[in-house]
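Observations on the three-dimensional arrangement
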Amino acid sequence: MNYLQLLVEDIHSTIVSTIGEDGHPQVRAADMMLWDEGGVYFLTAEGKAFYRQLMDQGFVALAGVKDGRAVSLRGEVHCIGCGMRLAACPQSCIDVSAAPAVTDQHRCLHCGSCVPVCPEGDIVYA
């Protein structure tokens, strides 16, 4: 079985590690939602510290363990600049002219409308 498939379909719940604003490691639980050959996908709410850390750092490490099986991954966080979030944004405050896309935080309502439509789950704060 593919490790990404095992992580998403069998293990599902993981611990994700980033570096906090204080420079120390932070861990959080996150459920892996989808997988393909390009990686695994999970969601977090825009506006949370975890989300900002993912976008600012662009790198993540995670691990999941279940029934004696374990998967540990690390890699980059990506935005493909597809423009799907721009169409979902009521404020039209997402610049998709380059990848990663950038959200203008002076106009953003933090409504979260853009989050579920992004296949990469990736927003960078400006």
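Let me begin by describing the structure that accompanies this report. (Residues numbered from 1 in each chain as written. Predicted model: local features only at pLDDT ≥ 70, side-chain atom pairs only at ≥ 80, totals over all residues. Heavy atoms only, no water.)

Quick look at the layout of surface pockets
In this approach, a probe sized like a water molecule rolls over the atoms, and the result shows the empty space that is left. Short version of the rule: Cavities and pockets were defined on a 1 Å grid built over protein atoms only: a cavity is a set of grid points that admits a 1.4 Å probe from which the probe cannot escape, a pocket is an open set flanked by protein on both sides within 12 Å along at least five of seven lines, and lining residues are those with an atom within 4 Å of any such point. Grid points are joined across faces, edges and corners, and a volume is the space filled by probe spheres set on the points. Each helix corresponds to a stretch of at least 4 residues labelled H or I by DSSP, and each strand to a stretch of at least 2 residues labelled E; elements are numbered beginning at the N terminus.
Of the pockets and cavities examined, the largest pocket occupies roughly 400 Å³. Along its surface, the largest pocket is lined by 20 residues, and Gly39, Val40, Val60, Glu76 and Val77 are the ones closest to its centre. Counting residues per element, the ones that place at least two in the lining of the largest pocket are β4 (39-41), α2 (49-57), β5 (59-66) and β6 (69-76). Broken down by element, the residue count for the lining of the largest pocket peaks at four residues, all from β6.

A look at the pairing of strand β2 (residues 25-31)
Our working definition: Two strands qualify as a pair provided that DSSP identifies no fewer than 2 bridges between them.
Pairing of strand β1 (residues 13-19) with β2, which is carried by seven bridges, proceeds in the antiparallel orientation. If you follow Ser13 over to β2, its bridge partner there is Asp31. What sits between β1 and β2 in their antiparallel hairpin is a turn of five residues, with Gly23 showing a positive phi close to 85°.

Some details on the side chain of Thr14
Convention followed: Remark: exposure states derive from per-residue accessible area (1.4 Å probe, protein chains only) relative to the maximum for the residue type, with buried under 20%, exposed over 50%, and partly exposed in between. Here a polar contact is recorded for every N or O atom pair within 3.5 Å, except that within protein the pair must consist of a potential hydrogen donor and a potential acceptor, and residues adjacent in sequence are included only if both atoms are side-chain atoms. Residues are treated as being in contact if the distance between any of their heavy atoms lies within 4.5 Å.
Within the secondary structure, Thr14 is located in strand β1. According to the relative accessible area criterion, Thr14 is buried, its value standing at 2%. At 2.8 Å, the side chain of Thr14 forms a polar contact with the backbone oxygen of Ala30. Setting aside anything within four residues of it in sequence, one finds Thr14 in contact with Leu7, Arg28, Ala29, Ala30, Met32, Leu62, Ala63 and Gly64.

A closer look at unusual backbone geometry
You will see that Asp67, though not glycine, has its phi angle at about 50°, which is positive. Counting through the fold element by element, Asp67 comes out in the loop between β5 and β6.

As for a nonpolar patch on the surface
Basically, it comes down to this: Within the patch definition used here, like charges are joined within 9 Å and nonpolar side chains (Val, Leu, Ile, Met, Phe, Trp, Tyr) within 5 Å, considering only residues with over 30% relative accessible area and no salt bridge. The method behind every accessible area is Shrake-Rupley, applied with a 1.4 Å probe, and residues are considered shielded solely by the protein chains displayed. Just to be clear on terms, a salt bridge is a Lys or Arg side-chain nitrogen sitting within 4 Å of an Asp or Glu carboxyl oxygen.
On the surface, a nonpolar cluster with roughly 310 Å² of combined accessible area is contributed by Met33, Leu34 and Leu43. Relative to the helices and strands, Leu43 is located in the loop between β4 and α2.

Concerning the nonpolar core
Put simply, the test is: Nonpolar core, defined: a set of buried Ala, Val, Leu, Ile, Met, Phe, Trp, Tyr and Cys residues in which side-chain atoms within 4.5 Å join the residues together.
Ranked by size, the top nonpolar core spans 17 residues in total, and within it Leu7, Val16, Met32, Val40, Phe42, Leu54 and Leu62 carry the most contacts. It is helix α1 (residues 3-11) that provides the largest number of residues to this core, a total of five residues. With near-sequence residues (within four places) excluded, Phe42 lies in contact with Val16, Ala30, Asp31, Met32, Met33, Phe50 and Leu54. Core analysis: the second largest hydrophobic core is formed by seven residues, Ile94, Ala101, Cys108 and Val115 among them.

Details of α1
Within α1, the full set of buried residues consists of Leu4, Leu6, Leu7, Val8 and Ile11. Against the buried residues of α1 lie β1, β3 (34-36), β4, β5 and β6. If you check the start of α1, you find a side-chain oxygen 2.6 Å away from the backbone N of Leu4, and it comes from Asn2. Just downstream of α1 lies His12, where phi reads positive at about 70°.

Observations regarding the sheet that holds β6
Condition: Fitted lines through C-alpha atoms serve as axes, helices being fitted only where they are in contact, and the angles separating the N-to-C directions of these axes extend from 0 to 180 degrees.
With respect to topology, four strands assemble into an open sheet ordered β2-β1-β5-β6, the strand pairing being antiparallel. Strands with a single pairing partner mark the edges of an open sheet, and in this sheet they are β2 and β6. Between one strand and the next, the sheet's axes are offset by a mean angle of 20°, whatever the strand orientation. Bridge count between β1 and β5: three bridges; the pairing is antiparallel. Across the sheet, Ile15 pairs through a bridge with Ala63, a residue of β5. Sheet strands touched by α1: β1, β5 and β6. Its angle to β6, the strand with the most contacts, is close to 120°. Contacting β1, β2 and β5, α2 crosses the sheet at an angle of about 65° to β1.

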